[in-house]
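Below are the chains, spelled out letter by letter.
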Amino acid sequence: MSDTDTPTTGNAPQTGAGRKPLSHWIMAAFGAPGLPLALVGLPMAVYLPAVYAGRDGYGLSLATVGTVLMLTRFSDVVTDPIIGFISDRTRTRWGRRKPYVFIGTPVFALGIWLLFVRPMEFEEVTWLGMTFNTGYPYLFFTLALVYLGSTIKDLPFRAWGAELSADYNERTSITSWREAFGTAGALVSAFTPAIIFFLGYTRPIDAVFFLSVAMLIVMPILTLNALIVVPEFPVRERVQERIPLMQGLVLVLQNKVYLRYILIFTVGGIGQNMTNALSFFFVEHVLVAGALYGFYLAPYFISQAAAIPLWLKLSAKIGKHRATMATIIWYSFWACGIPIIAWAPNEWFSAFQIQNLLAWLPQAWFDTIIAQFEGIETGKFLFFIIVMCLKGSAMGGLSAITQSMAADIIDVDTRTSGQQRAGAYFAISGLIGKAAAAVGLFLGTSLAVWGGFDQLADPKNTTNTVATLIWVACLYSVVPALFKIISMPFLWTWPITEKSLADIQSDIYSPAEGKDEVKAVPGNGDSKAEDEGSFRA
């Protein structure tokens, strides 16, 4: 048992569970697997539609690819609740979360490799009287394998993180470490296309190959380090009787604070995945700068990482829910200006042309760099990057704070049920989050095609009308912002504050202080159960 699991006494800092605060090394080790996950997370989010449906990819139908991406999520309806439920009930010498992380990692890695490095050429075939491209079933089954591996490893991993600390602000620190490593991985993922651009690799399919190789090397190392270094504390439950799967899921869904969180999480996720689905197509067709896509991603993720400490300070000062509202307002303000950039003529942005910005360089350097951008309109694109950095500065804080709020919600259930069921909670939120991603991808791609968008058109001599391109710009930015704004009334009256969480945790941990596990008692063993009404309103 780690020394961080030993209750402390005297004046030593303590968390709500009577443990010493986690060291930065432990929090960093826990967050580090987020880096290789982000290496391929970015391609999964923004490059996948471009790889399978883009002009420089496999050239499949954009609407059909969006439909396949949505359908693959149905496999999670079965796997997510089962993995969450089983991991909650698992007891091994290595813990109840770690074995699943160990098993799921190679499954996920294999799926990613097959998804982005296809071992076969796609072709039209006829089967049972139906003619279709083999790329569609290949995309479906390889993506289902990726999602299966992700479910096996990620649900227990997130539950493990929620159980690492009971401290209101330390939980935000834990999720921030993971978010920081995730942002670092996203930065590497974003810089890769920009770097290989100068080596002659300009296609999305080139970028995902290099990133898949990097993921296969780094992920096993950092995941194994986390499994060895980071403790998984013993289960501390008042009630030992195991709850059946369906009954457990029903009890989770009776937590009204959790239902409110799910609503916020879902509507925001739909909008964000609309942005992800159309990101490359917006830059390629609206800004006519597809070759420069990697140059936009890199500063965007730098702004995310740089702003996280500011949002954490704000969260500690005004509370997580109010800080989340602040990130939404900041994000939405800048998002709503993007269609204006798309509509405005290029002449408005002449001051941002790269030849004007780099005119101070020695002539030889200047000529070499400018030659790489010959024939590409850079003024509007560089101005777009500035706006996107301001918009993106909200995303790191939004992700870290909302993940920390989820851990607080689970404590409400633990006080009521007498059991730690983080796996069930993350299974449901993971399932709904994946459904939101599927709906967002489907809506983004389908509404773009419905509006007349042709992703295979030549961007420089396009057949897409101005109205169609403005429509794509709105689907990319304004509509996702509206989805986030919808959630704000549910945050305004958020019931869990730092003080109320301390009261909840005093009920959870005080009776079990100094013990690894508490024996069963009749009923739910919770004299405070009647008080839960205020947290379910």
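Residues numbered from 1 in each chain as written. Predicted model: local features only at pLDDT ≥ 70, side-chain atom pairs only at ≥ 80, totals over all residues. Heavy atoms only, no water.

Colleague: Is there a simple way to think about the pairing of strand β1 (residues 124–127) in this case?
Modeller: Both faces of the sheet carry side chains from a regular strand, because those side chains alternate between them. As judged from the four bridges shared by β1 and strand β2 (residues 130–133), these two strands associate in the antiparallel manner. From the neighbouring strand, W127 faces β2, where its bridge partner is M130. What sits between the antiparallel neighbours β1 and β2 is a turn of two residues, in which L128 has the positive phi angle 55 degrees. (Pairing = 2+ DSSP bridges. Helix = DSSP H or I, 4+ residues; strand = E, 2+ residues; numbered from the N terminus.)

Colleague: How should the environment of M325 be read in this particular structure?
Modeller: Within the element layout of this structure, M325 appears in helix α12 (residues 320–335). Considering only alpha carbons, one finds M325 and P489, 164 residues apart in sequence, at a separation of 9.3 Å. Here M325 is in contact with M488, L491 and W492, once residues within four sequence places are set aside. (Contact = heavy atoms within 4.5 Å.)

Colleague: For this particular structure, what's the right way to read helix α11 (residues 293–318)?
Modeller: Owing to its 3.6 residues per turn, the α-helix aligns residues three or four sequence positions apart on the same side. Here α11 contains 26 residues, and its C-alpha end-to-end distance of 37 Å stays within 8% of the 38 Å for a straight helix at 1.5 Å per residue. If you look at α11, its biggest bend is around 35 degrees, right at A307, and the proline P309 turns up within four residues after that. With its phi angle positive at about 100 degrees, G319 sits one or two positions after the end of α11. (Expected span 1.5 Å × (residues − 1). Bend = angle between axes of the 7 residues up to and from the residue.)

Colleague: For this particular structure, what's the right way to read the packing of helix α10 (residues 256–286) against helix α20 (residues 478–486)?
Modeller: If you want to describe how two helices pack, look at the angle between their axes and the distance between the axes. For the pair α10 and α20, the least separation of the axes is 7 Å and the interaxial angle reads 165 degrees. One element, α10, and the other, α20, form an angle in the roughly antiparallel class. Two packed elements cross with a definite hand, and for α10 against α20 that hand is left-handed. For the pair formed by α10 and α20, the contact residues are V267, G268, I270, G271, Q272, M274 and T275 on the first element and V479, P480, F483 and K484 on the second. Tallied by class, residues from the contact of α10 with α20 come to six nonpolar, four polar and one charged. (Axes fitted to C-alpha atoms, helices over the stretch in contact; angles between N-to-C directions. Parallel < 35°, antiparallel > 145°, perpendicular 65-115°, else oblique. Left-handed = near helix turned anticlockwise from the far one by under 90°. Nonpolar A, V, L, I, M, F, W, Y, C, P; charged D, E, K, R; others polar.)

Colleague: How should the packing of helix α2 (residues 34–53) against helix α5 (residues 98–116) be read in this particular structure?
Modeller: For the pair α2 and α5, the least separation of the axes is 11 Å and the interaxial angle reads 30 degrees. One way to sum up the angle between α2 and α5 is to call them roughly parallel. Considering how the two elements wind past one another, α2 and α5 form a crossing that is left-handed. Contacts from L37, V40, P43, M44, L48 and Y52 in α2 reach F108, I112, L115 and F116 in α5. When grouped by side-chain class, the residues that make up the contact of α2 with α5 number ten nonpolar, no polar and no charged.

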